[in-house]
Amino acid sequence: MSTTMALTLDLKGLSCPLPIVKTAKAIKELQPGDLVEVLATDPGSVPDFRAWARSTGNELVEHANLDGVFRFVIRKR
Amino acid sequence: MPEEKDRKLVIFAWSGDMDKVWPQLILATSGAAMGMETTVFFTFWGLFPLLKNDKAAGRARRITGDSWMQKMLSLMNRGGTEHLKLSKMNFAGAGPAMMKSLAKGHKVASPTELMQMAQEMGVHLVPCQMTMDLMGLSREDLIDGLDEPAGATTALLEAQDAITLFI
């Protein structure tokens, strides 16, 4: 499995539901197993990405809070 | 993974107020993003956000319908996603203007953007045929890219094995 990012999405500043909706739309173009990095500032996106990953089967590989910017790494199912 | 039952979302959009249209479209786009087969059934006042916006249609005001009552209704209820009213604190349009300004500042997508996004995400947008007939609206008065107008039975059948919301 690849460890390099297939795509980085800068969704800083956007509010619910855009971080999830834009991520879902963008990963349609990718291959299964591809990694995506998402940067967001909406605090609600933390539980939302967890719920979205659980619901869709895409894997939330890691998430971190870097000075108010939430970084998510997702592996496409 | 959730069960099959949780993979479908049906929203009955019965209100055309800004404070209802927003959650209708936020939940619809989120459902589609979660991979749920999502349908929004637009009925009664809820149908009016599906009308073409006056500016996009290149006109000052929409006048539709055959009878004087339908024509008067079209003038009094503008329709489209650009002229939504708030159910509380509308203040003759000042409330929605302030709400739009707040939303823009917080980078919250507008109802117009969300409607377009719902279409891009493959959400089924179904106008209620009975409401169209009652209010004197034709398919051409509504935005492009909608599903075929349908009735209550179609909507209820779709809702049978779906999570159903009434907004």
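Residues numbered from 1 in each chain as written. Chains lettered and ligands numbered in written order. Predicted model: local features only at pLDDT ≥ 70, side-chain atom pairs only at ≥ 80, totals over all residues.

Turning to the packing of helix 1 (residues 18–33) of chain B against helix 4 (residues 111–120) of chain B, a few remarks are in order. Residues and elements named next belong to chain B. At a minimum axis separation of 9 Å, helix 1 and helix 4 run at an interaxial angle of 30°. Classed by the angle they form, the pair helix 1 and helix 4 counts as roughly parallel. Handedness of the helix 1/helix 4 crossing: left-handed. Within the contact between the two elements, helix 1 uses Met 18, Val 21, Trp 22, Leu 25, Ile 26, Ala 28, Thr 29 and Ala 32 and helix 4 uses Pro 111, Leu 114, Met 115, Met 117 and Ala 118. Per-class residue counts for the contact of helix 1 with helix 4 are twelve nonpolar, one polar and no charged. (Axes fitted to C-alpha atoms, helices over the stretch in contact; angles between N-to-C directions. Helix = DSSP H or I, 4+ residues; strand = E, 2+ residues; numbered from the N terminus. Parallel < 35°, antiparallel > 145°, perpendicular 65-115°, else oblique. Left-handed = near helix turned anticlockwise from the far one by under 90°. Contact = placed C-beta atoms within 7 Å. Nonpolar A, V, L, I, M, F, W, Y, C, P; charged D, E, K, R; others polar.)

Let us look at the sheet that holds strand 3 (residues 59–66) of chain A. Residues and elements named next belong to chain A. With mixed pairing, four strands are arranged side by side in an open sheet as 1-2-4-3. Single-partner strands in this sheet number two, and they are strand 1 (5–11) and strand 3. Each strand of the sheet is rotated relative to its neighbour by a mean of 15°, with strand direction disregarded. Sheet topology note: the strand 1/strand 2 (residues 35–40) ladder contains six bridges and is parallel. Of the residues in strand 2, the one forming a bridge with Leu 9 is Val 38. Most of the contacts of helix 1 (residues 18–27) go to strand 1, to which it runs at about 155°, and overall it touches strand 1 and strand 2. Packing of helix 2 (residues 45–56) onto the sheet brings it into contact with strand 2, strand 3 and strand 4 (69–75), and relative to strand 3 it is tilted by some 175°. (Pairing = 2+ DSSP bridges.)

Take the sheet that holds strand 2 (residues 37–42) of chain B next. Residue and element names in this part refer to chain B. Reading across the sheet, the four strands line up as 3-2-1-4 and stay open at both edges, with parallel pairing between neighbours. Edge positions in the sheet fall to strand 3 (124–127) and strand 4 (163–166), since each of these pairs with one other strand and no more. Recorded for the sheet is a direction-independent mean angle of 15° between the axes of neighbouring strands. Pairing between strand 1 (residues 8–13) and strand 2: six bridges, direction parallel.

What follows concerns the packing of helix 1 of chain A against helix 1 of chain B. Angle between the axes and distance between the axes: these two values describe a pair of packed helices. At a minimum axis separation of 9 Å, helix 1 of chain A and helix 1 of chain B run at an interaxial angle of 35°. Along this stretch, helix 1 of chain A crosses helix 1 of chain B, giving a crossing that reads as left-handed. On helix 1 of chain B, the residues touching Ile20(A), Val21(A) and Ala24(A) of helix 1 of chain A are Thr29(B), Ser30(B) and Ala33(B). Classifying every residue of the contact of helix 1 of chain A with helix 1 of chain B gives four nonpolar, two polar and no charged.

Residue and element names in this part refer to chain A. In terms of burial, strand 3 is largely open, as just zero of its eight residues are buried. Pairing of strand 3 with strand 4 involves seven bridges; the strand directions are antiparallel. Of the residues in strand 4, the one forming a bridge with Leu 60 is Ile 74. Taken together, strand 3 and the strand that follows it, strand 4, pair antiparallel across an intervening segment of two residues, in which Asp 67 is found at a positive phi of about 50°. (Buried ≥ 20, exposed ≤ 12 C-beta atoms within 10 Å, placed from the backbone.)

Residues and elements named next belong to chain B. Across the six residues of strand 2, five count as buried, placing the element largely inside the fold. Since strand 1 and strand 2 lie parallel, the crossover through helix 1 that links them has a hand, and here it is right-handed. As defined by bridge partners, strand 2 adjoins strand 3 across four bridges and the pair is classed as parallel. Note that in strand 3 the partner of Thr 39 across the bridge is His 124. (Right-handed = clockwise from strand over helix to strand, strands pointing away.)

What follows is about the interface of chain A and chain B. Contacts between the two partners involve 14 residues from chain A, matched on the other side by 15 residues from chain B. At the level of elements, helix 1 and helix 2 of chain A are the ones that each hand at least two residues to the side of chain A that touches chain B. Here the side of chain A that touches chain B gets five residues from one element, more than from any other, and that element is helix 1 of chain A. Residue composition of the side of chain A that touches chain B, grouped by class: eight nonpolar, five polar and one charged.

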